[in-house]
Amino acid sequence: MSYTYDFNVIVNRSRERSKTWDPRNVKPGQLPMNGAEMHFACPIPVLEAVREVSECQVYGYPYFTDDFAQAAAGWMKRRHDWDVDYKWVEFVGGIVPGIAFAMQAMTKVGDGIIINTPAYSPFRDCIRDNDRKLVESGLLIDSEKGTVEFDWADMEAKFADPNNTCFILCDPQNPTGKSCTLDELKKIEELSKKYNVFVIVDEVHADFVFDGKRHICYPTVGDFAKEFSAVVINPSKTFNTAGFRTAAIIIPNQEIHDKTNVKIAAVKGYSRTITGVAAFEAAYGGKCDDFADQAREYVQTMRNKMCDYFAENIPEMKIIKPEACFVCWCDCHGLGFEDQGEMMKFLAEAGVLMSNGLEYDKELGRGYVRIAYGFPEIQLMPALEKLAAAVKARRK
């Protein structure tokens, strides 16, 4: 059965203890555009699956089946044209735990782990908390042209350092919304092979690639990429299920798969939640593809409306139009604030909470914010109108 979803409905988030809508941080009248999530009701099959579990009168230890792995494999084939053997798939409790397990398996204490910046801040924490060395390669960002590119000379220099043994690729990229091309992924494979650097790919935003393009899974670009990488996926972004803490890691190489499983087992990281598995299998199992299609189209429409609105009414804030994701990177230098804290205070008082760019890079993030825009239009546009009024008043 397929469904038609109405994404222009405001969902009451106050009952779920939503981190994004935490009343201790969000004042009445503010729109929290700082949380990397969408604000639409979950797809009907996910709701039904979770309700079925919740109606049980005992919530005991679950036994494991292949349904979980087969759901993930089926999704990757249907949606991203990657022939995944379900035996490559393992449960993990989230994207970052999956990255940590693979990193522990394939690197040693003190090794350098490369990331592109600006970067999702938990990547830094994960690297440092595992006693590895953070190695940053800044993206080349041009807010006038609206482009985000790899700095290939710097990337090769970082890959060439024998102390650096792993690269975490976020594709599509958070916070910029960059989606890698086939040529870019092949260049990464070349560097990985040339310098023996293991690649871990965060594909949590892969279902939101816009303008008729599609996400390319890194392991599909070549034999070496397939055999020397791990991919972490999670329905949390596409289907608004982040609170279930249920994700998967896909590792085609059997030896690397086994090494990673040792790290997972060491902390009993294979223990699944009954509601999380139900939501995961419902989301990826073939009943929610219609939701994913409709949500992507709606979010793309919101992206276009938001970018057009900023260009016409708030030119002081230059959005780098995202190729993917429901987050974007915004250059706010035109607002004229020398102090980042004052800029963030201004935005909050204007009624919008955005993520401070300094959270993503202490240098590249200065004068920038990340904006999450996966809201119903009836929430998003009035918030932007309030922001435009505040900026207009500041001009005077």
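Just so it is clear, the model here is predicted, and its values are computed rather than measured. (Residues numbered from 1 in each chain as written. Predicted model: local features only at pLDDT ≥ 70, side-chain atom pairs only at ≥ 80, totals over all residues. Heavy atoms only, no water.)

**Considering the environment of Phe-326**
Here is the rule: Helix and strand definitions here come from DSSP, where helices need a minimum of 4 consecutive H or I residues and strands a minimum of 2 consecutive E residues; each element is numbered from the N-terminal end. Buried, partly exposed and exposed residues are distinguished by accessible area as a fraction of the type maximum, computed with a 1.4 Å probe on protein chains only: under 20%, between the cut-offs, and over 50%, respectively.
Looking at the element boundaries, Phe-326 is found in the loop between strand E11 (318–320) and strand E12 (327–331). A relative accessible area of 0% places Phe-326 in the buried class. Put simply, Phe-326 and Arg-303 are 23 residues apart on the chain and 7.7 Å apart in space, counted from C-alpha to C-alpha.

**Points about the pairing of strand E15 (residues 368–372)**
Under the convention used in this document: Each pair of strands is called paired provided DSSP finds at least two bridges between the two strands.
E15 sits mainly inside the fold: five of its five residues count as buried. Neither face of E15 is exposed, since Tyr-368, Arg-370 and Ala-372 on one face and Val-369 and Ile-371 on the opposite face are all buried. In this sheet, E15 lies alongside E12 in antiparallel orientation, the contact comprising five bridges. Directly across from Trp-329, in E15, lies its bridge partner Arg-370.

**Examining the side chain of Glu-203**
This is how it is decided: Under this rule, positive means Lys or Arg and negative means Asp or Glu; His and the chain ends count for nothing. Only one rule defines a salt bridge in this text: a Lys or Arg side-chain nitrogen within 4 Å of an Asp or Glu carboxyl oxygen. Only heavy atoms enter the contact rule, under which two residues are in contact if any of them lie within 4.5 Å.
Counting through the fold element by element, Glu-203 comes out in the loop between strand E8 (198–202) and helix H7 (223–227). Among buried charged residues, Glu-203 stands out as having no salt bridge; its nearest opposite-charge side chain is Arg-214, 9.5 Å away. Beyond its immediate stretch of four places on either side in the chain, Glu-203 contacts Met-76, Asp-171, His-215, Ile-216, Cys-217, Tyr-218, Val-231, Val-232 and Ile-233.

**Things to note about a negative patch on the surface**
Defined as follows: Like charges within 9 Å and nonpolar side chains (Val, Leu, Ile, Met, Phe, Trp, Tyr) within 5 Å are joined into patches, using only residues over 30% in relative accessible area that form no salt bridge. Under the convention used here, a 1.4 Å probe and the Shrake-Rupley method define accessible areas, while residue burial counts only the protein chains that appear. Positions of charges follow a simple convention, taking NZ of Lys, CZ of Arg, CG of Asp or CD of Glu.
On the surface, Glu-338, Asp-339, Glu-342 and Glu-349 cluster together into a patch of negative charge. Tracing the sequence through the fold places Glu-349 in helix H12 (residues 340–349). We classify Glu-349 as exposed; its relative accessible area is 60%.

**A look at the sheet that holds strand E14 (residues 355–356)**
We apply this condition: Every angle, taken between N-to-C directions, lies between 0 and 180 degrees, and every axis is a line fitted to C-alpha atoms, over only the stretch in contact when it is a helix.
The strand order across the open sheet built from four strands is E11-E12-E15-E14, with neighbouring strands paired in antiparallel fashion. The open sheet is flanked by E11 and E14, the only strands paired with a single partner. Running at roughly 30° to E15, H12 makes contact with E14 and E15 of the sheet.

**Topic: the environment of Asp-129**
Structurally, Asp-129 can be placed in helix H4 (residues 121–129). By relative accessible area, Asp-129 is classed as exposed at 63%.

**Some words on the packing of helix H1 (residues 44–54) against helix H10 (residues 274–284)**
For the record, the criterion: By definition in this entry, angles of less than 35 degrees are roughly parallel, angles greater than 145 are roughly antiparallel, angles of 65 to 115 are roughly perpendicular, and the rest are oblique. Two helices that cross are described as forming a left-handed crossing if the nearer one is turned anticlockwise from the farther one by less than a right angle, and a right-handed crossing if clockwise. In this classification, Asp, Glu, Lys and Arg are treated as charged, Ala, Val, Leu, Ile, Met, Phe, Trp, Tyr, Cys and Pro as nonpolar, and every other residue, Gly included, as polar.
Two elements in contact, H1 and H10, have axes whose closest approach is 8 Å; the angle formed by their N-to-C orientations is 150°. Viewed along their axes, H1 and H10 adopt a mutual orientation that is roughly antiparallel. Once H1 is placed against H10, the crossing between them reads as right-handed. Along its contact with H1, which presents Pro-45, Val-46, Ala-49, Val-50 and Val-53, the element H10 presents Ile-274, Thr-275, Ala-278, Ala-279, Ala-282 and Ala-283. A per-class count over the contact of H1 with H10 returns ten nonpolar, one polar and no charged.

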